[in-house]
Amino acid sequence: MTPFDLSDDLFAVLPDLVALILMFAAWLGIGWFTERPPAGRPSVSVLMTRFRREWMRQMVLRDPRIFDGNILSSLREGTAFFASACMIATGGLLALIGNGERLRGIVAGLELNPSEQSAWELRLLVTMFFVVNAFLKFVWAHRLFGYCAVMMASVPNDPRDPAALPRAMQAADLNITAARSFNAGLRSVYFALGSLGWLGGPWVLMAGTLIVLWVTWRREFNSTSRRVILRSLPPPALPAAVPCGPGGSTRSAPPPPQP
């Protein structure tokens, strides 16, 4: 193989490399920007952390707390549904990658180049990476919502109990962490769908990445739901001190988890 052949090969795969780098940069970048937005323009995910803490504050005063348990059950059901869907998608991708004849038939039906069999398998592996990452995020979110349920159950029924509010805030922090993992799983699902554009070539992958990036940004920073949430916001964090003893002594509240 001559240097000219190497240059031709590099030139041929350069658009694919650029498209792949763009997709992963967009995936990591929008995730970081969503959880750490500018102070003057918080994302929907960050705004909802205030309502999650307010939920736990109100739970302390609510009797009975069946309503809160039902809400948490619905959150766990959502994570379980997406985790199951990701498992099915992973199995389908593995079956498709392992069945070369069927893969060649699909590629030929799409009028793409059916000779580059290994290239199509690699492209599907990228999609499977996002699906598996989403599955792991959903499973962990489901687990954290379970921890949150246990923590909520440990909150004393008497709102005057000095341990009630601090323990409720612990449950809120677990809830926020679980929601963050759930949102990361959803972003992975979005980019898994966008990565399927690679089957049509690097330019289609770039277009799919930009579309997914725009949709994700819009839902977090310029959606109708965000404008509704901004109408009335609860306080962003705990007071400077919370009661911790029967004598009315106080201690500083633990810092909430950083977004």
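Residues numbered from 1 in each chain as written. Predicted model: local features only at pLDDT ≥ 70, side-chain atom pairs only at ≥ 80, totals over all residues. Heavy atoms only, no water.

Visitor: Account for the pattern of salt bridges, with residues named and values stated.
Guide: Tallied over the full model, the rule gives 7 salt bridges. As a salt-bridge pair, Glu35 and Arg187 come within 4.0 Å of each other at their nearest N and O atoms. Within this pair, whereas Glu35 is found in helix α1 (residues 3-35), its partner Arg187 is found in helix α6 (residues 164-195), the two being separated by 152 residues in sequence. For Glu35, a relative accessible area of 7% translates into the label buried. In this structure Arg187 comes out as buried when scored by relative accessible area, which is 9%. The partner of Arg160 in a salt bridge is Asp158, and the shortest N-O contact between them spans 3.3 Å. (Salt bridge = Lys/Arg side-chain N within 4 Å of Asp/Glu carboxyl O. Helix = DSSP H or I, 4+ residues; strand = E, 2+ residues; numbered from the N terminus. Buried < 20%, exposed > 50% of the residue type's maximum accessible area, 1.4 Å probe, protein only.)

Visitor: So what about the packing of aromatic side chains? Which residues, and what values?
Guide: Counted according to the given criterion, the structure contains 14 aromatic pairs. Look at Phe24 and Trp27: their rings are 6.1 Å apart centre to centre, the planes differ by 75°, and that puts the pair in the edge-to-face class. With Phe24 and Trp27 both in helix α1 and 3 residues apart, the pair spans about one turn of that helix. A residue is classified by how much of its surface remains accessible, and Trp27, at 15% relative accessible area, is buried. A network of ring pairs unites the aromatic residues Phe24, Trp27, Phe129, Phe130 and Phe191 as a single cluster. (Phe/Tyr/Trp six-rings, centres within 6.5 Å; stacked < 30°, edge-to-face > 60°.)

Visitor: Lay out the environment of Ala172 with the relevant residues and their values.
Guide: With respect to the helices, strands and loops of the structure, Ala172 is situated in helix α6. Among all residues touching Ala172, those that are not within four sequence positions of it are Arg52, Arg53 and Met56. (Contact = heavy atoms within 4.5 Å.)

Visitor: Which residues make up the packing of helix α2 (residues 44-61) against α6, and what values go with them?
Guide: At a closest axis distance of 9 Å, the pairing of α2 and α6 adopts a crossing angle of 145°. As α2 runs across α6, the sense of the crossing is right-handed. Along its contact with α2, which presents Ser45, Thr49, Arg52, Arg53, Trp55, Met56, Arg57, Met59 and Val60, the element α6 presents Ala164, Leu165, Ala168, Met169, Ala171, Ala172, Asp173, Asn175, Ile176, Ala179 and Asn183. Residues belonging to the contact of α2 with α6 are distributed by class as follows: 12 nonpolar, 4 polar and 4 charged. (Axes fitted to C-alpha atoms, helices over the stretch in contact; angles between N-to-C directions. Left-handed = near helix turned anticlockwise from the far one by under 90°. Nonpolar A, V, L, I, M, F, W, Y, C, P; charged D, E, K, R; others polar.)

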